[in-house]
Amino acid sequence: MASSLDTATATSPTVTRTSNAPQNPTLSIIIPVYNVEDYLDACLDSLEAQTFTNIEMVCVNDGSPDGSRDILTKRQSQDPRIVIVDKPNGGLSSARNAGINAARGTYIGFLDADDRFTPNACQRIAETFAETDADVVTFGGYCNPAEAATPWITLKLSPRDVVYDGFQPALMFEEQSTPYIRTTCRKAFLDECGIRFEEALPFGEDQVFFFDIYPNSRKTALISDKLYESVSYTHL
């Protein structure tokens, strides 16, 4: 397998793509990988089952000590859309930022390695960007199993269909637009505004990210489609 390696220093992330990896994917899905060998295959299966195929799966190996890296090597040999980013352990925000930096997609989405996308997720995301010309698209989700969801979580995972031109406080404080990273962004928007995850925070990094993207977004679309499957393995 031919691959290209982008290396700045000995501790910088190393990006591995196959020689026939997509050059201009519509959508890059960022997947932080750390001690997820029991869940990773199911996560990648959900992306390989997408009805919309012009995607890349940017898997960031955040210094994982388990067998996750071996799984990524095997899966990349079977699907050239898988991109492997290797880096020293730096936490979730650091891994997501490395994925954003490595991504080639026009749009950036996020998926935790123990969760899944529904088969039509990437299709609906791409359609919504095309229909609205938004900088940010936020969608719904659900818990698996259903009994793992409290009424509050179910509410928060259920946005209505609405488009905001510019920023209004209601987007953050009245709509079901937070929490959880069930959000996709135009990569050029993130780059132009210099938006990345705050790596110094031990938790709550998704909330800070929302406070960066929503006020800066030229247009934000919320859609009611429940595309993100949040899996609670302790309940399965």
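All figures in this text were calculated on a predicted structure; none of them were measured in a lab.

The rules we used
- Residues numbered from 1 in each chain as written.
- Predicted model: local features only at pLDDT ≥ 70, side-chain atom pairs only at ≥ 80, totals over all residues.
- Heavy atoms only, no water.
- Buried < 20%, exposed > 50% of the residue type's maximum accessible area, 1.4 Å probe, protein only.
- Helix = DSSP H or I, 4+ residues; strand = E, 2+ residues; numbered from the N terminus.
- Pairing = 2+ DSSP bridges.
- 1 Å grid on protein atoms, 1.4 Å probe; cavity = no way out; pocket = protein on both sides within 12 Å on 5 of 7 lines; lining within 4 Å.
- Points joined across faces, edges and corners; volume = space filled by probe spheres on them.
- Nonpolar A, V, L, I, M, F, W, Y, C, P; charged D, E, K, R; others polar.
- Phe/Tyr/Trp six-rings, centres within 6.5 Å; stacked < 30°, edge-to-face > 60°.
- Polar contact = N/O pair within 3.5 Å; in protein donor to acceptor, adjacent residues only side chain to side chain.
- Contact = heavy atoms within 4.5 Å.
- Core = buried A, V, L, I, M, F, W, Y, C linked by side-chain atoms within 4.5 Å.
- Arc of directions from axis to C-beta.

(A) Looking closely at the pairing of strand E5 (residues 82-87). Summarising burial for E5: six of the six residues are buried, a large majority. The alternating pattern of E5 places Ile82, Ile84 and Asp86 on one face and Val83, Val85 and Lys87 on the opposite face, and all of these are buried. By the bridge criterion, three bridges tie strand E2 (residues 14-18) to E5 in an arrangement that is antiparallel. Residue pairing across strands places Thr16 opposite Ile84, the latter belonging to E5.

(B) Highlighting the layout of surface pockets. Taken as a whole, the largest pocket encloses approximately 310 Å³ of empty space. Asp112, Asp115, Tyr180, Tyr228 and Ser230 are, among the 17 residues lining the largest pocket, the residues nearest its centre. Contributing elements (two or more residues each) for the lining of the largest pocket: helix H8 (205-216) and strand E11 (219-231). At three residues, E11 tops the list of elements feeding residues into the lining of the largest pocket. Residues that form the lining of the largest pocket fall into these classes: nine nonpolar, one polar and seven charged.

(C) Representation of the packing of aromatic side chains. As enumerated under the stated definition, the model contains eight aromatic pairs in all. Geometrically, the ring pair formed by Phe117 and Phe139 is edge-to-face, given 6.1 Å between the ring centres and 80° between the ring planes. One end of the pair, Phe117, is in strand E7 (residues 116-117); the other, Phe139, is in strand E8 (residues 136-144), with 22 residues separating them in the sequence. Given the relative accessible area of 3%, Phe117 is considered buried. The class for Phe139 is buried, based on a relative accessible area of 0%. Seen in terms of ring centroids, Phe197 and Phe209 are 4.1 Å apart; in terms of plane orientation they differ by 10°. Their pairing is stacked. Here Phe197 is found in the loop between helix H7 (187-193) and H8, whereas its partner Phe209 is found in helix H8, with 12 residues between them in sequence. Put simply, the rings of Phe110, Phe197 and Phe209 touch in pairs and so form one group of aromatic residues.

(D) Up close: the side chain of Ser64. Within the secondary structure layout, Ser64 lies in the loop between strand E4 (55-62) and helix H2 (68-78). From its side chain, Ser64 meets the backbone nitrogen of Asn35 in a polar contact 2.7 Å long. When residues no more than four places from it in sequence are discounted, the contact partners of Ser64 are Val33, Tyr34 and Asn35.

(E) View of the nonpolar core. In this structure, Ile29, Ile31, Leu40, Leu44, Leu111 and Phe117 are the most contacted members of the largest nonpolar core, which totals 33 residues. The set of elements that each furnish at least two residues to this core consists of strand E3 (27-33), helix H1 (40-48), E4, H2, E5, helix H4 (121-132), E8 and E11. It is H4 that provides the largest number of residues to this core, a total of five residues. When near neighbours in sequence (up to four residues on either side) are disregarded, Ile31 contacts Cys43, Leu44, Leu47, Met57, Val58, Cys59, Val60, Leu111, Asp112 and Ala113. If you look at the next biggest cluster of nonpolar residues, it comprises 30 residues, including Ile30, Ala95, Ile108 and Ile213.

(F) Structural view of H2. Taken residue by residue, H2 has Ser68, Ile71, Leu72, Arg75 and Gln76 as its buried positions. Projected down its long axis, H2 shows its buried positions confined to an angular sector of 130°, all on one face. Residues Asp70 and Lys74 are exposed on H2 and point more than 90 degrees away from its buried face. At its buried positions, H2 is contacted by E2, E3, H1, E4 and E5.

By themselves, these figures tell us nothing about what the structure is for.
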